[in-house]
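# Overview (structure and organization)
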Amino acid sequence: MKNYLRALRVAFGFLTTLPVPLITDWRDDDLRLAVRAYPVVGLVIGLLLTLPLFLPSSSFLQAVLIVGLWLGVTGDLHFDGFCDLADAALAPKTPEERWTIVKDPRIGSFALMAGTLLILVKVAALADLFALRRDVLQYVPTLVMVPILARSAVTWAMARYPVYDASLLGRRTNLRWDETYLPIGLGLALSVFITSFALTSFQFVFLVIACVITTMALSYWLNKRMSGLGGDAYGAVVEVNEAVLLIGLTLIV
């Protein structure tokens, strides 16, 4: 229990901007062990994202506020990784040159295009979803589920593919297969419990399958383009999964 509490502190301190007690005695395996707490971090993020739903405003404004809160709570961590990978992976370069692009702090055209498209997709999907029902409380379970599943699924990529040598974060979060059982199992359990009264079994399985396919396909493509994954790639997997899950919700709810 003590080790899991430490994992929670590290995970919240790394993945969010929420005020948590700082870790002063960092260990080499802290970031790797913190992966066990990713579903709980997703749960808290999801709960915070529901706050704009209680404002007396239009569905579009609620969607914009949720996406803005999403970026704020996560400190743009995953979004930054997504944009960096878009610049690098889409460039007609060698894998070594692409990793040089990842490290470049300047924003390229691919990052601008992909980042803008991602935000628009999330806003549009949320606005469409909110327009389908009158009772906003019906959206709470499904919205909470999205960041949970996305952060649980990325652990598969952390174990499946090699880490690029230059990625320090990737080396510190590279997992063994047995280390994915807890975050994936906990993420599925939390998602089932939260959405049990909001989604049918078919709807939930559909979303899980979409998340699995997205994780596998995107991780495979990024590994081919980059010759290994790293922290930015993991962030990209989280962001794309969140967008795919939101789109999936608009199709089945």
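Cut-off values and rules
- Residues numbered from 1 in each chain as written.
- Predicted model: local features only at pLDDT ≥ 70, side-chain atom pairs only at ≥ 80, totals over all residues.
- Heavy atoms only, no water.
- Helix = DSSP H or I, 4+ residues; strand = E, 2+ residues; numbered from the N terminus.
- Buried < 20%, exposed > 50% of the residue type's maximum accessible area, 1.4 Å probe, protein only.
- Expected span 1.5 Å × (residues − 1).
- Salt bridge = Lys/Arg side-chain N within 4 Å of Asp/Glu carboxyl O.
- pLDDT = per-residue confidence, 0-100.
- Core = buried A, V, L, I, M, F, W, Y, C linked by side-chain atoms within 4.5 Å.
- Contact = heavy atoms within 4.5 Å.
- Phe/Tyr/Trp six-rings, centres within 6.5 Å; stacked < 30°, edge-to-face > 60°.
- Lys NZ or Arg CZ within 6 Å of the ring centre and 35° of its normal.

### A short note on unusual backbone geometry
Notably, aspartate 76 is not glycine yet its phi reads approximately 60°, a positive angle. Take aspartate 76: it is sitting in the loop between helix H4 (59–74) and helix H5 (77–89). Exposure remark for aspartate 76: the relative accessible area of 35% places this residue in the partly exposed category. Phi is positive for serine 227, close to 55°, though the residue is something other than glycine. Structurally, the position occupied by serine 227 is in the loop between helix H11 (201–226) and helix H12 (231–252). Taking relative accessible area as the criterion, serine 227 reaches 40% and is therefore assigned partly exposed.

### Focus on H12
In a regular helix each residue adds 1.5 Å, so 22 residues correspond to 32 Å; H12 covers 32 Å between its end C-alpha atoms and thus fits that length. Within H12, 17 of the 22 residues are buried, which leaves it mostly tucked inside the rest of the structure.

### Digging into the pattern of salt bridges
Overall, the coordinates contain six salt bridges when judged by the stated rule. Where arginine 151 meets glutamate 242, a salt bridge forms, and the shortest distance between an N and an O atom there is 2.6 Å. Within this pair, whereas arginine 151 is found in helix H8 (residues 140–160), its partner glutamate 242 is found in helix H12, the two being separated by 91 residues in sequence. Pair check on accessibility: arginine 151 and glutamate 242 agree, each one buried. In this structure, arginine 176 engages aspartate 178 in a salt bridge whose closest nitrogen and oxygen atoms are separated by 3.1 Å. Exposure remark for arginine 176: the relative accessible area of 47% places this residue in the partly exposed category. Here the salt bridges do not stand alone but share partners, grouping Arg32, Arg176, Asp178 and Glu179 into one network.

### Re the confidence of the model for the chain
For the chain, per-residue confidence averages 88 on the pLDDT scale, and residues scoring 70 or more make up 94% of the total. Ranking the helices and strands of the chain by mean pLDDT puts helix H3 (residues 38–49) first, with 96, and helix H9 (residues 168–173) last, with 58.

### Focus on the nonpolar core
Where a protein is soluble and globular, its nonpolar side chains tend to be buried together. Among the nonpolar cores identified, the biggest contains 79 residues, and Ile66, Trp70, Leu85, Leu126, Met145, Leu222 and Leu249 are the most heavily contacted of them. Leave out the neighbours within four places in its chain, and leucine 126 touches Ala63, Ile66, Val67, Trp70, Leu143 and Leu246.

### Some points on the packing of aromatic side chains
Evaluated as defined, the whole model comprises three aromatic pairs. Residues tryptophan 156 and tyrosine 161 carry aromatic rings whose centres are separated by 6.0 Å and whose planes lie at 80° to one another, so their mutual orientation is edge-to-face. Here tryptophan 156 falls in the buried class, since its relative accessible area comes to 18%. The buried category is assigned to tyrosine 161, whose relative accessible area is 7%. Among the aromatic residues, ring-to-ring pairing joins Trp156, Tyr161 and Trp177 into one connected group. The ring of tyrosine 161 carries the charged tip of arginine 160 above its face, separated from the ring centre by 4.7 Å.

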